[in-house]
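# Results of the structural survey
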Amino acid sequence: MLEAFGLWPGVVAIAADAEMYCVPCAKMLYGEEPIEAVVAGEPGYEQYTDHEGNPFTVVLRGSESLHTMHCGAVACRIPLCDEWCPCYLDPEQWNQYGRLPDGRKGEYDGVS
Ligand SMILES: [Zn+2]
Ligand SMILES: [Zn+2]
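Described below are features of the structure shown in this document. (Residues numbered from 1 in each chain as written. Chains lettered and ligands numbered in written order. Predicted model: local features only at pLDDT ≥ 70, side-chain atom pairs only at ≥ 80, totals over all residues. Heavy atoms only, no water.)

## Things to note about the coordination of the zinc ion (ligand 1)
- Donor atoms from the polypeptide that coordinate the zinc ion (ligand 1) comprise C22 (SG), C25 (SG), C71 (SG) and C76 (SG), at 2.2 to 2.3 Å from the metal.
- Considering all four donor atoms around the zinc ion (ligand 1), the spread of angles at the metal, 104 to 118°, places the coordination shape in the tetrahedral class.
- All donors to the zinc ion (ligand 1) come from one chain, and their sequence spacing reads C-x2-C-x45-C-x4-C. Here the residue C22 occupies a position in strand β2 (residues 19-22), and C71 occupies one in the loop between β3 (57-60) and α3 (91-97), the gap between them amounting to 49 residues. Each member of the pair, C22 as well as C71, is classed as buried. (Donors = N, O, S within 2.8 Å, 3.2 Å for Na, K, Ca; no water. Tetrahedral: all angles 85-135°; square planar, octahedral: opposite > 155°, others 65-115°. Helix = DSSP H or I, 4+ residues; strand = E, 2+ residues; numbered from the N terminus. Buried < 20%, exposed > 50% of the residue type's maximum accessible area, 1.4 Å probe, protein only.)

Right, dumping it as structure tokens:
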């Protein structure tokens, strides 16, 4: 299970440099101090930016933007959405149509 950090329901990823990273990778890339401040929402955390000069964005567990996403670090690539989430079964469904393959397949098949 992906580790979550900070406030409930937990920060599972950091969006930076047009990628999403799991928190341990974000710390490796950008340093412990900035990422910990961002995750904790500490006053002044906005001063920290990614390599393109944009502020970090935290992504909370259960966020829709996590669907089909993996950590952007090449050596990691951990799935950022919940393990049980069906989005990984058929990423196209989500990316193209914004809907999740939820197992109730009959809903999408057949009837047209
Ligand atoms: Zn990672
Ligand atoms: Zn998902």
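## Observations concerning the nonpolar core
- Ranked by size, the top nonpolar core spans 26 residues in total, and within it I14, I35, L66 and L80 carry the most contacts.
- Those elements that place two or more of their residues in this core are β1 (11-16), β2, α1 (23-30) and α2 (32-40).
- Filtering out sequence-adjacent residues up to four positions away, I14 remains in contact with E19, M20, Y21, V23, A26, I35, V38, V39, F56, T57 and V58. (Core = buried A, V, L, I, M, F, W, Y, C linked by side-chain atoms within 4.5 Å. Contact = heavy atoms within 4.5 Å.)

## Here we look at unusual backbone geometry
- Of note, D17 is a non-glycine position whose phi angle comes to about 50°, a positive value.
- By the secondary structure assignment, D17 is in the loop between β1 and β2.
- Of note, R77 is a non-glycine position whose phi angle comes to about 60°, a positive value.
- Residue placement: R77 occurs in the loop between β3 and α3.
- Take R77: its relative accessible area is 42%, and that puts it in the partly exposed class.

## A short note on the packing of α1 against α2
- Viewed as axis vectors pointing N to C, α1 and α2 meet at an angle of 135°, and their least axial separation amounts to 7 Å. As the angle between them shows, α1 and α2 are arranged oblique. Along its contact with α1, which presents V23, A26, K27 and Y30, the element α2 presents E32, P34, I35, E36 and V39.
- Here the contact of α1 with α2 is built from residues that sort into six nonpolar, no polar and three charged. (Axes fitted to C-alpha atoms, helices over the stretch in contact; angles between N-to-C directions. Parallel < 35°, antiparallel > 145°, perpendicular 65-115°, else oblique. Nonpolar A, V, L, I, M, F, W, Y, C, P; charged D, E, K, R; others polar.)

## Looking at the pattern of salt bridges
- Per the stated rule, a full pass over the model turns up two salt bridges.
- One salt bridge connects K27 with E36, and the closest N-O pair in it is separated by 3.2 Å.
- In this structure, D82 engages R61 in a salt bridge whose closest nitrogen and oxygen atoms are separated by 3.1 Å. One end of the pair, D82, is in the loop between β3 and α3; the other, R61, is in the loop between β3 and α3, and 21 residues separate them in sequence.
- Overall, the relative accessible area of 12% leaves D82 in the buried class.
- Judged by relative accessible area, which is 24%, R61 ranks as partly exposed. (Salt bridge = Lys/Arg side-chain N within 4 Å of Asp/Glu carboxyl O.)

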